[in-house]
Structures are given as structure tokens and as C-alpha cells.
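Chain by chain, the residues run as shown.
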Amino acid sequence: MDHNDFIQRHIQEEEHVHRRPLNDDPNDDFVAIDFETMTSKRTSACALGMVKVIDGVIMQKFYTLINPIRDIHTDKQPNRPIHGISLSSVEKTFSFKEIFEGIKMFINGYPIVCHNKGFDISVLNSMMDFYGLEGIDTTNVICTYSMTGLSISECCERFGIPEINHHDALWDAEVCARIYLELLGKPIIETKCGFYSSEDSFGDHKLNKKYRTKLDEDEVTDKSTIFYNSKVVITGVFETYSRNELGELIQKLGAKINQSISTQTNIVIVGESAGPRKMEKITELKDAGIDIRIIREQELLSILNREL
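For every chain, the first residue of the written sequence is number 1, and numbering continues from 1 onward in sequence order. Only residues with pLDDT of at least 70 are given local features in this predicted model, and only at 80 or more are side-chain atom pairs given and counted; all residues enter the totals for whole chains, interfaces and linings. Side-chain numbers come from the whole structure's heavy atoms, not from hydrogens or water.

Comments concerning the overall build of the protein
- Strands here are runs of E lasting at least two residues and helices are runs of H or I lasting at least four, both read from the DSSP assignment and numbered beginning at the N terminus. Secondary structure assignment for the protein yields 11 helices and 10 strands.
- The buried share of the protein, taken over its 308 residues, is 51%.
- A separation threshold of at least 6 residues defines the contact pool for the protein, and within that pool the share at least 24 residues apart is 75%.
- For the accessible areas, the method is Shrake-Rupley and the probe is 1.4 Å, while residue cover comes only from the protein chains on display. When the accessible surface of the protein is totalled, it reaches about 14400 Å², and 46% of it is carbon and sulfur. Accessible area is worked out with a 1.4 Å probe on protein chains only. A residue is then buried under 20% of its type maximum, exposed over 50%, and partly exposed in between. Here, two residues are considered to be in contact whenever any of their heavy atoms come within 4.5 Å of each other.

Remarks on the packing of aromatic side chains
- Pairs were defined over the aromatic rings of Phe, Tyr and Trp, the Trp ring being its six-membered one, requiring ring centres within 6.5 Å. Orientation was assigned from the angle between planes: stacked under 30 degrees, edge-to-face over 60, tilted for the rest. All told, the structure shown has 4 aromatic pairs when counted by the stated rule.
- Ring geometry for Phe62 against Phe106: centres 5.4 Å apart, planes inclined by 55°, an arrangement best described as tilted. Of this pair, Phe62 sits in strand β4 (residues 57-65) while Phe106 sits in helix α4 (residues 96-107), placing them 44 residues apart in sequence.
- Seen from their ring centres, Phe130 and Tyr131 are 5.1 Å apart, and the 80° between their planes marks the pair as edge-to-face.
- In this structure Tyr131 comes out as partly exposed when scored by relative accessible area, which is 22%.

Quick word on helix α9 (residues 243-252)
- Considered for burial, the residues of α9 that qualify are Arg243, Leu246, Gly247, Ile250 and Gln251. All buried residues of α9 fall inside an arc of 130° around its axis, so they share one side.
- Positioned one or two residues after α9, Gly254 has a phi angle of 95°, which is positive. Directions are taken from the helix axis to each C-beta atom, and the arc is the one they span.

Re the side chain of Asp28
- You can see Asp28 is positioned in the loop between β1 (11-13) and β2 (30-37).
- N or O atoms closer than or at 3.5 Å make up a polar contact, with two conditions inside protein: a donor-capable atom paired with an acceptor-capable one, and, for residues adjacent in sequence, both atoms drawn from side chains. Among the polar contacts made by the side chain of Asp28, one reaches the side chain of Lys186 at a distance of 2.7 Å.

Some points on the pairing of strand β7 (residues 231-235)
- Across the 5 residues of β7, 4 count as buried, placing the element largely inside the fold.
- In this structure, β7 lies alongside strand β8 (residues 256-258), joined through 3 bridges in parallel fashion. Within β8, the position partnered with Val232 by the bridge is Ile257.
- One ladder, built from 4 bridges, connects β7 with strand β9 (residues 267-270); its direction is parallel. Within β9, the position partnered with Val232 by the bridge is Ile267. When DSSP finds at least two bridges between two strands, those strands are taken to pair.

A few points about the pairing of strand β3 (residues 45-54)
- By the criterion of burial, β3 is predominantly enclosed, with 9 of the 10 residues buried.
- As defined by bridge partners, β2 adjoins β3 across 8 bridges and the pair is classed as antiparallel. Note on β3: the bridge partner recorded for Ile33 is Met50.
- The loop that links β3 with its antiparallel partner β4 comprises 2 residues; one of these, Asp55, has a positive phi angle of about 55°.

Observations concerning the sheet that holds β8
- As summarised here, the arrangement of the 4 strands in space is β8-β7-β9-β10, forming an open sheet in which the pairing is parallel. A single partner strand is all that each edge strand has here, and the edge strands are β8 and β10 (293-296). For this sheet the average axis-to-axis angle between neighbouring strands, irrespective of direction, equals 30°. Interaxial angles span 0 to 180 degrees and are taken between N-to-C directions of axes, which are lines fitted to C-alpha atoms, for helices over the stretch in contact.

With respect to the pattern of salt bridges
- Salt bridges are identified by distance alone: a Lys or Arg side-chain nitrogen within 4 Å of an Asp or Glu carboxyl oxygen. Using the criterion set out here, one finds 11 salt bridges in the structure.
- Glu217 is the salt-bridge partner of Lys214, the closest N and O atoms lying 3.9 Å from each other.
- Residue class for Lys214 comes out partly exposed when judged on its relative accessible area of 30%.
- Here Glu217 falls in the partly exposed class, since its relative accessible area comes to 36%.
- Between Lys223 and Glu217 there is a salt bridge whose closest N-O contact spans 3.3 Å.
- Because the salt bridges share partners, they merge into one network encompassing Arg70, Asp75 and Glu91.

Observations regarding the environment of Gly109
- When you line up the elements, Gly109 lands in the loop between α4 and β5 (112-114).
- Look at Gly109 and you get exposed, because its relative accessible area is 67%.
- Along the chain, Gly109 and Gly135 lie 26 residues apart, while their C-alpha atoms are 8.9 Å from each other.

So far we have only geometry, and geometry alone does not tell us how the molecule works.
Right, dumping it as C-alpha cells:
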């Protein structure tokens, strides 16, 4: 895969005005990173989040799942309860080697910031060593754990950062960036994009805009299913379908797929690592008497097999 195509699929540009003055201070230009691994082995990376900060402002975010290097421990998925990433959800994604040029392009020589470089930089070095790759400087590293002596959770409490989705690689990377900016005395400027959570993900997890348009009546393939004329929200990661495959399927059944949950929502299709704020919204609306049907993957497959 061409690394330019990979970058474009996985980068989220921040949509806000650059409100800090441009400056020549190199300390507030960096890339914060976070890896998640399938096992304790550093070569089992299964997700990567990166956040680029220029002049103290978050300018770009990058997230991707990674097909981990397999060994006798990988199939046991010992870290799945920690981050919620299943082997089946990553084994069809690209390997670290295939996406390396995209990662290198994103970092682009900037200092790397992470919370516990003993883990994240070890993962990065181990993956590069395994595949014989080079071109990312892993010596120019800033460790916010070394600077604070505090865990991510403790840092969130100290700096008033909402702890939304710990062990989501992109969320952790953004928290790391925010911690470092706090330590520089340049706390993050909030933007209209708000704070990242897994439901705002992109790349392979974000539903293509074309599937969020309701089809004309003559384009609907089956009007007898529960999805016909329903307002549907999809959240989380699925083993059987990618987000776009599922979106296309539900759209063809006559659903209108929305990004956010409201009083108008009829059905929420829930996968693994579902957005916590979406789940809270469902509870809030149900408590208010709004009838929203939650469908998880196994039930979804049963419905589709029965109704299609």
C-alpha cells in the first residue's frame, strides 16, 4: 500500500483556528504516541495512536489497528480485556512493515513524547528491529511518566483531564500530549472538535459519509427488516464486518444512519470498545422513557440471517 494513501486514510485534521501565536520554541512541536499490544511481547503491537502538536496546538491525529506479529502467545489474546481489541479485528489489517512509511511520514523527525518510554519506545524499536526498518529517531524522546512519576489516571486527576477511554491508543496519545503541554505551562486550547474518544475515530473505524445518506425507495433491497425507515447509529468495532461494510449493508435495508444518538434514534448497533459517551447517552434516554433498541453483533448476525 502506498504510504501517502495510508496517511490520508488514517489522519484526522483538526478543524479549528490556530489560536496560539506562531513561535520559535521547539519544545511545543512534537508527536505524542501510544501503542497497544496483544501480549506482553513488544513485537505484538495491535494499535497505534499518534497526535501531532505544532506551536502548542494539536494539528493532526493518527490512528490505526495493526496486524500483530504472531507467536504461540498471540492467539490467547491475553491483553484483550485491557484494550478490548480482538485478534479477529486486526488479523486482516496491515502489518507494521506495510504501514511503516506512513508512520515515519507522520512523525517527520519531530521529538517523540510518550507516557512510559520504556514501553512505547521499546515496542517501536522491537517492531523496527523485527522487520529491519529504520528512519525514525527513537533517541529524541520525552517521557511524561519520568517527568511526573504518575500514572495516566493520576495525571488526569492532577491536571483536570477527563479520563474517558484509557487504553485506547489515540486517547492515550492525546492525553500524553496534554500532560506534556501542561508541564510546559501551555495547557491545551479546547477546540470545537472537543476531546477525542473512541466513537470519534476515523480511518477503518469511521463510517464513510456516503453510507449516512438514506437511499431512495427504489434502491432499498429489502423493506421487511427492522432497519427499514429506522434511524440507526453504529458504534464500536465488529469481528464480522468493517464499519463501512456494515454501514453499506444497513443502508441498503432502508436505514438512515446517524453519527450521534438522539431522541429520534431507533436502533444502536453496538460492537466492542463502543463509545462510552454514546453508551451513557443511551442510558440517559432510556431513563427518560425513549425506546432505543440495542443490538450487539451476535444478535445482529441472527437478525440478518433470519430476515435477509
